[in-house]
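Geometric and topological summary
The chain contents come next:
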Amino acid sequence: MLVLVAPGQGAQTPGFLTPWLELPGASDRVAAWSDAIGLDLVHYGTKADADAIRDTAVAQPLLVAAGILSGAALGATTEFTPGAVAGHSVGEITAAAFAGVLSDAAALGLVRTRGLAMADAAAITETGMSALLGGDPETSIAHLEKLGLTPANINGAGQIVAAGTLEQLAALNEDKPEGVRKVVPLKVAGAFHTRHMAPAVETLATAAAELSPADPRIAYVSNKDGKTVATGAEVLDRLVGQVANPVRWDLCMETFKELGVTALIEVCPGGTLTGLAKRALPGVKTLALKTPDDLDAARALITEHVDA
């Protein structure tokens, strides 16, 4: 069984979209999305620097566009249906498009609203996120709570992401939990998946109420609790609440095990989730779509599973 996954914010790098726009029709497709949502995705994906694409209002639509574009390229070369889909944080919107819950246009419209609303919420207080590498999860979570921080992403494979004010994160850097090797600041502009994002929830709920989601046509694994979700309405409800609640990617990977997943492909800009899977899902083959040069290897992996 093969699962298709989409990364979250922080995975973007300057120019990462450039080679994908060389695929037939890709540039026109992304230009049309840009016009529809009022954001020049082509510019930000090819010419903008790291600071520009760190902006929440830019990064989120850019990641979803890249995920949908690379997923479509994969489908065009293989005509396959994955056994399950999932996404990390904003990647859940990409996964919703893969599962047929949202059209590509609806997904891009929703993520544009999400990015703007979360950027506005982040502007209220100076906040951020840092990854903890190593350590015992229970010990680390208790330590974060003592510092007033939230374990916003529990990613498995020994990785927890803390979120809170810049002062709280500075205190964490000076006072790491026992066993934590390193605290790494993330390239995000706010304390996502915490109470600091509460103002964005209402805005996103209003936008979601205008959509007509379809039920997932393939298994959709949710960040909320790692469970598969049966209806489009529930997927949309979880996407709204997700912005102010922790991401449980560890539980998503546990569900992958229960589903019998044997291979995992991460869409562009791949690398983060395959790295976690290599540590947490031994024996599962992984592949990250970083450029179109990776499509042949992905096709071979899919063919191997189809034949099996």
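Summarised in this report is the structure supplied together with it. (Residues numbered from 1 in each chain as written. Predicted model: local features only at pLDDT ≥ 70, side-chain atom pairs only at ≥ 80, totals over all residues. Heavy atoms only, no water.)

Topic: the packing of aromatic side chains
Scanning all chains against the criterion turns up one aromatic pair. Seen in terms of ring centroids, Trp249 and Phe256 are 5.8 Å apart; in terms of plane orientation they differ by 80 degrees. Their pairing is edge-to-face. This pair shows no difference in class: Trp249 is buried, exactly as Phe256 is. (Phe/Tyr/Trp six-rings, centres within 6.5 Å; stacked < 30°, edge-to-face > 60°. Buried < 20%, exposed > 50% of the residue type's maximum accessible area, 1.4 Å probe, protein only.)

Examining the pairing of strand E4 (residues 150–156)
Within a regular strand, side chains alternate between the sheet's two faces. Where burial is concerned, most of E4 is hidden: six out of the seven residues are buried. Note: E4 against strand E5 (residues 159–165), five bridges, orientation antiparallel. Among the inter-strand pairings, Gly156 is bridged to a residue of E5, identified as Gln159. Counted between consecutive antiparallel strands, the loop separating E4 from E5 contains two residues, among which Ala157 sits at a positive phi close to 55 degrees. (Helix = DSSP H or I, 4+ residues; strand = E, 2+ residues; numbered from the N terminus. Pairing = 2+ DSSP bridges.)

What about the packing of helix H9 (residues 198–208) against helix H10 (residues 232–242)?
Contact geometry of H9 with H10 gives a least axis separation of 8 Å together with a crossing angle of 160 degrees. For the element pair H9 / H10, the angle class is roughly antiparallel. For the pair H9 and H10, the sense of crossing is right-handed. Residues Val201, Leu204, Ala205 and Ala208 of H9 lie in contact with H10, whose contacting residues are Leu236, Leu239 and Val240. Among the residues forming the contact of H9 with H10, the class breakdown is seven nonpolar, no polar and no charged. (Axes fitted to C-alpha atoms, helices over the stretch in contact; angles between N-to-C directions. Parallel < 35°, antiparallel > 145°, perpendicular 65-115°, else oblique. Left-handed = near helix turned anticlockwise from the far one by under 90°. Contact = heavy atoms within 4.5 Å. Nonpolar A, V, L, I, M, F, W, Y, C, P; charged D, E, K, R; others polar.)

Some details on unusual backbone geometry
Along the chain, Cys268 connects to Pro269 via a cis peptide bond; the corresponding omega equals -5 degrees. Although it is not a glycine, Ser89 adopts a positive phi angle of roughly 60 degrees. Looking at the element boundaries, Ser89 is found in the loop between strand E2 (84–87) and helix H5 (91–98). A positive phi is found at His193, a non-glycine position, where the angle reads about 65 degrees. Residue position: His193 is located in the loop between strand E6 (180–185) and H9.

A look at helix H7 (residues 137–146)
Inspection of H7 places Ser140, His143 and Leu144 among the buried residues, and these make up the whole buried set. The buried residues of H7 occupy one face: seen down the axis, they fall within an arc of 100 degrees. Along H7, the residues that are exposed and aim more than 90 degrees away from the buried face are Glu138, Glu145 and Lys146. Where H7 is buried, its residues touch strand E3 (127–134), E4, E5, helix H8 (166–174) and E6. N-capping of H7 is provided by Asp136, with a side-chain oxygen placed 3.2 Å from the backbone N of Glu138. Within two residues after H7, Gly148 carries a phi angle of roughly 85 degrees, on the positive side. (Arc of directions from axis to C-beta. Polar contact = N/O pair within 3.5 Å; in protein donor to acceptor, adjacent residues only side chain to side chain.)

A short note on the sheet that holds strand E7 (residues 219–220)
The five strands lie next to each other as E7-E2-E1-E8-E9, forming an open sheet whose pairing is parallel. Pairing within the sheet leaves two strands with one partner each, and these edge strands are E7 and strand E9 (285–288). Here E2 runs beside E7; their pairing, made up of two bridges, is parallel. The partner of Ala84 across the bridge, within E7, is Ala219. Across the sheet, H5 touches strand E1 (2–6), E2 and E7, and the angle it forms with E2 is around 155 degrees. Docked against the sheet, helix H11 (residues 249–259) engages E1, E2 and strand E8 (263–266), running at close to 170 degrees with respect to E2.

Observations concerning the sheet that holds E6
With antiparallel pairing, the four strands of this open sheet are ordered in space as E4-E5-E3-E6. Single-partner strands in this sheet number two, and they are E4 and E6. This sheet shows a mean twist of 25 degrees between the axes of neighbouring strands, independent of strand direction. Across the face of the sheet, H7 comes into contact with E3, E4, E5 and E6 while running at roughly 0 degrees to E5.

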